[in-house]
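Letter by letter, the chains look like this.
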Amino acid sequence: MPEGDTIFRTARSMGRALIGRPITGFRSNYPLLTRFHDDTPITGQIVDRVESRGKWLLIHLSGGATLATHMLMNGSWHLYRIGERWQKPSRDMRIVLENREYQAVAFTVPVARIYSAQALARETRIPPAGADVLNADFDPLTAAARLRACASEEVGDVLLHQEVLAGVGNVFKSEVCFVESVNPFCLVSALNDEQVAALIRTSQRLVAANVLEDSADAIVTYRGQQRRTTHRSDPSESLWVYGRSGEPCRRCGNAVRHRLQGPDARVTFWCQTCQPMPDRSEIDG
Ligand SMILES: [Zn+2]
């Protein structure tokens, strides 16, 4: 499943190919999008900005509207030079947006909507820019307040709330908790202020480290998920705990564990030795 880093990279690549250029072609098999296009042609508009907000990708158009897509589990945007052969079957195509040089193609993207500026501001499903750990407007202090407000929920669950901290997905959730030695099943109310601040700082740092420029990114083509690294660049040692159930903890050597967590039953990995549940007396005292 794409996490915030994947969407951020997609937005960056798409921005390089699309921003400032007139759109020369648009098509979609979503009736709401084509109806909008019939009334207010997208062709001829300029792409002003492409941004990621959590798992949403937003394409802002010069006419004031924004095309928002959410990849859910299987959707993806690909970027091709005009005339280049697609890497997925055309039956999976949902949206095509092109200029003279590039073609951005959304494949099996399950959620696509067009918003006016006012409707976008009202849309509570899309996190605000300030909630996204990769956004320049991200504010750690208000993020701490939002996290604290979920006092009676488990930390591992709250880290996935996009309106609290957009951009952190299931892989980063486990990794962030491990790095900060916080048990993902402990309640937010059990954390002290320093732990809350550290969880936010580390979320931002780990996700940001995965969107650094690299050669693959410099080419404006984007075709899929990249590997995530929170530990070492060696692929066999890239992560601390995620996906490593039963393997030795990289700090203490005891077996990494996993368990399903939260209403959506997302898998969480942790080390019981390095991330013990907090002592009640410490919390109460
Ligand atoms: Zn350990």
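Residues numbered from 1 in each chain as written. Predicted model: local features only at pLDDT ≥ 70, side-chain atom pairs only at ≥ 80, totals over all residues.

Participant: I keep staring at the pairing of strand S2 (residues 47–53) and nothing clicks. Help me out?
Facilitator: Consecutive residues of a regular strand have side chains that alternate between opposite faces of the sheet. In terms of burial, S2 is largely enclosed, as 5 of its 7 residues are buried. Between S2 and strand S3 (residues 56–61), which pair antiparallel and follow one another directly, the connecting turn spans 2 residues, one of which, Gly-54, has a positive phi of 60°. (Buried ≥ 20, exposed ≤ 12 C-beta atoms within 10 Å, placed from the backbone. Helix = DSSP H or I, 4+ residues; strand = E, 2+ residues; numbered from the N terminus. Pairing = 2+ DSSP bridges.)

Participant: Can you walk me through the sheet that holds strand S1 (residues 25–28) in this structure?
Facilitator: The pairing of strands in a sheet comes from backbone hydrogen bonds and takes either a parallel or an antiparallel form. Strand order in the open sheet formed by 4 strands is S1-S6-S7-S5, with antiparallel pairing between adjacent strands. Looking along the sheet, the strands with just one partner apiece sit at the ends: S1 and strand S5 (76–81). Each strand axis lies, on average, 15° off the axis of its neighbour in the sheet, ignoring direction. Where S1 meets strand S6 (residues 93–98), 4 bridges bridge the pair, whose relative direction is antiparallel. Bridging across to S6, Ser-28 finds its partner in Ile-95. (Axes fitted to C-alpha atoms, helices over the stretch in contact; angles between N-to-C directions.)

Participant: Looking at this structure, I do not really get the sheet that holds strand S4 (residues 66–70). What am I missing?
Facilitator: If you trace the 4 strands from one edge of the open sheet to the other, you get S2-S3-S4-S8, paired in antiparallel fashion. Every other strand in the sheet has two partners, leaving S2 and strand S8 (111–115) as the edge strands with one partner each. Adjacent strand axes in the sheet meet at a mean angle of 15°, parallel and antiparallel pairs treated alike. Pairing of S3 with S4 involves 5 bridges; the strand directions are antiparallel. The residue bridging Leu-57 from the neighbouring strand is Thr-69, located in S4.

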